[in-house]
Amino acid sequence: MRDVFKYFTFRFLSIIPMLLLVIVIIFAGLQLTPGDPLAYMIPPEQLGSADFDIEAYKKAMGLDAPVYIQFFQWFGDLLQGELGFSLVDGSAISKMLANRLPATLELAFAALAVSSVLGILLGLVSSIRQNSAVDYGNTALGVLGISVPEFFVGIIAIQVFAITLGWLPVSGRIGYGDVTFFDRIDYLVMPALVLGFSLTAALMRYTRGTMLDVLGKDYVKTARSKGLPEWKVITKHAFRNALMPVVLLLVFRLPLLIGGTVIIESVFGWPGMGGMLLDAVSAKDYPVVMICTMLVAFMVLLASFLVDLLTALLDPRVRFE
Amino acid sequence: MNSMKKAWLGVLCVVFLVGLLAACSNDNSGSNVNSNAGVNNNGTETTGNEEQPSEGASDGILRTGQGPADKFSAAWADYGGLFKTQVFRRLLMLDEQLQPVHYDLATAYTMSDDEKTYTFTLRDDVKWHDGEPFTPEDVKWSLAMAVQSAQINAVFSGAFGKIVGADALKAGEADELSGVTIDGNTLTIELTEPVGVFLLTMAQWPPYPKHLLESEDPATLHLASFWEKPIGNGPYMLTEVVPNNYAMLELYPDYYGTAPKVEKIMLQTISEDQLVTKAQAGELDYMPVMDLNQATEIVKSPDYEANPVDLLYVRFLMPNLVGQNATTDGNDKIADLRIRQALLHAIDRESLAGMLYPDQAEVLQTLVPTALPEYNEEAVVYDYNPEKAKQLLEEAGFDFNQTIRLQYYYTDQQTVDLIDTIKFFWEEIGVKVEASLMQGNLLELIYTKRDYDFLYAGLSAMAFEEAYGFFHSDGIGVQVVGASPDKWDPLVDELRRTSDPDDRMDVINRLQAMEAEFLTRMPLFSMKQYVIVNKSNLETAGIYGNEWTNYDRKLEEWSMK
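This one's a predicted model, so the numbers in the text were calculated from it and none came from an experiment.

## A few points about the overall build of chain A
In terms of regular secondary structure, chain A is built from 14 helices and zero strands. The secondary structure elements of chain A, listed N-terminal to C-terminal, are α-α-α-α-α-α-α-α-α-α-α-α-α-α. Counting all 321 residues of chain A, 49% fall into the buried class. Long-range pairs, those at least 24 residues apart, make up 74% of the contacts in chain A with a sequence separation of at least 6.

In structure tokens:
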């Protein structure tokens, strides 16, 4: 027990230096990119104003300080628990995250749930019924899911389900009067299914491949030769062993979904982290970019930690010593 | 070890499920920061969810765009649109042509003979949406903040900069504007010199509530948390704000004027590219649209009608007469006026307008659209004449081996086609052209780097002072077109201080004549805006103006069907 705790604690603490390194690299990278937040604060047509004092504005926003001072000022505040404010509209970043993160998590978990259930189930069926019509159908679905861009599927879905049939809203996350999660689930259905569609395809192909690999192993043949029923062979001996790489793939999907759903967010007007991060990068809104990136980096490192954890727990060959 | 692993797995599963439940639980984002609860004028709490009508056309809610991001934008830089004109009111009100003056927060005004002193009598029955009374002190404080504000429209800042004491306040030598005095409900504003657009400014610029914002720094006033759920004094008050989703406007029961019939307005947070699909799904009732293609697509539905609006929105080619390196004596490539004249003669603007912007664009001869009464018909007209263009280039000794660099910053397909065609026209007369998209910090690229000979640009101006102020030596335009104080400054200064309509017309005519003669901007098109209305849901008063200004829409006559 003590070894387990020690192992997990060490793995968790090793995240901190990596996180610091990521922050420094990203800050340096941002300094090298072209652009100025002022360009996004002032409409181009307004730039001709004789009375607009650019230097005074930069000073008020703290943009006139040397780069390293800007970095340390921000980092000092962060250590005191202050996430800072957006340079573009002055919003508290904690509030921005409070507004956006739930939307992102909601979409990410919904898409993960859809893709996990469908992907694993269809992959399982395909592997059991290898080279059957079902397998070919699923393969075709998989190819479609991987090759057709998300935005295209999204546009088609909007055209059919929102405009033609009128079953679902075109865009947004919450409607007037929506109080509970179930009130607004109609807003979630399309983006979650579209995002889940491409994930399902990849997961299905992966599950199929792993299952076929496991089904050819000696211990599965042994189980069959012992006269175990086929369902038991598949569920207890094959699927259980094939599940680990699939679960690891799923865990690594999570950080990608936190900041990587920009296209789906754009198509469905979903107010998530992806759009926020994109806007912040375009506007060189350092504090927002840094916090978002830190969050995504933290999610990646956390996923890596979870993978280690799951591997250690699921794989009998791993020893904590 | 096996049982311990199972225990750890169990813990992990529980953590995951708790996370899942937390994410999917009702956070109703606005409810914490910008709750559904509002406060009416009596100070009693109201809840935004007392009525929960379902989505649809018959729920009596007017649906439009302009919803909040993480907060609303302040109202002194972008000051128009349904939200900012119905939540915040101005001292005066104009009609859709921005002409005759009506009263709003003021009940009367007088102007001294020398046009340097304005006296406004303010209503005494106006309340902010939190129940506090609106007073002349709000206006005086707002004027002082506006003088020091970093984010404010150029016409506002130009006009307020002429208030007596503005310079001292800006320099930190005074605590308030000495030129603004209060006597009971009367507010007097003294100017150092006449400002022709002062009444227009007072009809566009909204005062803010002093009691809610007086602790803010003027430089960052527009970033205050106040803008998460602003408190105004108009017929509608914000009752519910869900950041990045929507906000609800509901009738303010203590509004001093005639109460509108439409009880609720839903401001949805949508991007421009979602306008068409939102409209096709019937989720929009009223919206301004700048893109004719979008308008055309929307009105394919018989429920919608598009109402064109003429406004001062122009596109032009801006010559970089200073050159890329400011230490040299200007841009030799296009310094000769005949070269600019030739390049404008070489463009068939009529065909371009017809092909690329049918029914949306008019050819522009000066910065004043030809449809406006201020247009000077005597100004030089540059018709399509490639032969004359070649002749002018020859006369100017134009070096045909050099390349003219043409840049643009609009990214729509029509602009790309337009630039390709202009390039074609110029190449037809033997001029080599290199066209490219300007990307990045436009402020730096346009005015400091200046890596172009011509820039395709646009201007949406509230007043001619904004359009022609660009050429004044106190404007940023000198960094591109160079300073010529003898030519432009006297005329622009005259325009700034003239309020008599006939005198203004005369000055604007002379400005156009000079502009056409020297081609410091090469005019291309004036563009229309469209106001799209869902006729099956909404009945308006049929009055449509520039949506980005404050004008009398007669909203009290609007009704939902």
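## Regarding the nonpolar core
Residues and elements named next belong to chain B. With 155 residues, the main nonpolar core has Phe120, Phe160 and Trp426 as its most contacted residues. Top contributing element to this core by residue count: strand S14 (residues 304–319), with eight residues. Discounting residues that sit within four places of it in the chain, Phe160 has contacts with Leu143, Ala146, Val147, Ile152, Ala166, Phe198, Thr201, Met202 and Trp205.

## Observations regarding helix H8 (residues 150–164) of chain A
Count 3.6 residues to each turn of an α-helix, and residues three or four apart come out pointing the same way. An ideal rise of 1.5 Å per residue puts 21 Å on 15 residues; H8(A) measures up with 20 Å between its terminal C-alpha atoms. Within H8(A), the axis deviates most sharply at A:Ile158, by approximately 25 degrees. On the buried face of H8(A), the contacting elements are helix H9 (185–215) and helix H12 (262–268) of chain A together with helix H9 (275–280) of chain B. Phi turns positive, to about 70 degrees, at A:Gly166, one or two residues after H8(A).

## A few points about the packing of aromatic side chains
Residue and element names in this part refer to chain B. Enumeration according to the criterion identifies 31 aromatic pairs over all chains in this entry. Put simply, the rings of Trp76, Phe88, Tyr103, Tyr109, Tyr118, Phe120, Phe160, Phe198, Trp205, Tyr208, Phe226 and Trp227 pair up and form one aromatic cluster. A cation sits over an aromatic face here: Arg315 above Tyr410, 3.9 Å from the ring centre.

## So, the packing of H8(A) against H9(A)
All names here are of chain A. With their axes 10 Å apart at the nearest point, H8 and H9 run at an angle of 145 degrees to one another. H8 and H9 meet at a crossing whose hand is right-handed. Where H8 abuts H9, its residues Glu150, Val153, Gly154, Ala157, Ile158, Phe161 and Ala162 lie against Met190, Val194, Leu195, Phe197 and Ser198. Here the residues of the contact of H8 with H9 are counted per class, giving nine nonpolar, two polar and one charged.

## Notes on the sheet that holds strand S6 (residues 106–111) of chain B
All names here are of chain B. Sheet architecture is open: four strands sit in the order S6-S7-S9-S8, paired in antiparallel fashion. The strands lining the two open edges of the sheet, one partner per strand, are S6 and strand S8 (180–183). Averaged over all adjacent pairs, the angle separating strand axes in this sheet is 20 degrees, with direction ignored. Where S8 meets strand S9 (residues 186–190), four bridges bridge the pair, whose relative direction is antiparallel. Looking at S9, one finds that Ile182 is bridged to Leu187. Against the sheet, helix H4 (residues 136–148) touches strand S7 (117–122), S8 and S9, its axis set at about 175 degrees to S8.

## A look at the confidence of the model for chain B
Across chain B, the average pLDDT comes to 84, with 86% of residues at or above 70. Low pLDDT (under 50) marks residues 23–57 of chain B, which in the prediction has 83 contacts with non-local residues, meaning those over four places away or in another chain.

## Focus: the pattern of salt bridges
Oppositely charged side chains can form a pair if their charged atoms are brought close together. Residues and elements named next belong to chain B. Scanning the entire structure with this criterion turns up 26 salt bridges over all chains. Among the ionic pairs, Arg496 bridges to Asp493, the shortest N-O distance being 3.9 Å. Residue Arg496 and its partner Asp493 are located together in helix H19 (residues 488–497), separated by three residues, close to a single helical turn. When its relative accessible area of 25% is taken as the criterion, Asp493 is described as partly exposed. Three or more residues joined by partner-sharing salt bridges are found here, namely Lys333, Arg405, Asp451 and Asp453.

Cut-off values and rules
Residues numbered from 1 in each chain as written. Chains lettered and ligands numbered in written order. Predicted model: local features only at pLDDT ≥ 70, side-chain atom pairs only at ≥ 80, totals over all residues. Heavy atoms only, no water. Helix = DSSP H or I, 4+ residues; strand = E, 2+ residues; numbered from the N terminus. Buried < 20%, exposed > 50% of the residue type's maximum accessible area, 1.4 Å probe, protein only. Contact = heavy atoms within 4.5 Å. Core = buried A, V, L, I, M, F, W, Y, C linked by side-chain atoms within 4.5 Å. Expected span 1.5 Å × (residues − 1). Bend = angle between axes of the 7 residues up to and from the residue. Phe/Tyr/Trp six-rings, centres within 6.5 Å; stacked < 30°, edge-to-face > 60°. Lys NZ or Arg CZ within 6 Å of the ring centre and 35° of its normal. Axes fitted to C-alpha atoms, helices over the stretch in contact; angles between N-to-C directions. Left-handed = near helix turned anticlockwise from the far one by under 90°. Nonpolar A, V, L, I, M, F, W, Y, C, P; charged D, E, K, R; others polar. Pairing = 2+ DSSP bridges. pLDDT = per-residue confidence, 0-100. Salt bridge = Lys/Arg side-chain N within 4 Å of Asp/Glu carboxyl O.

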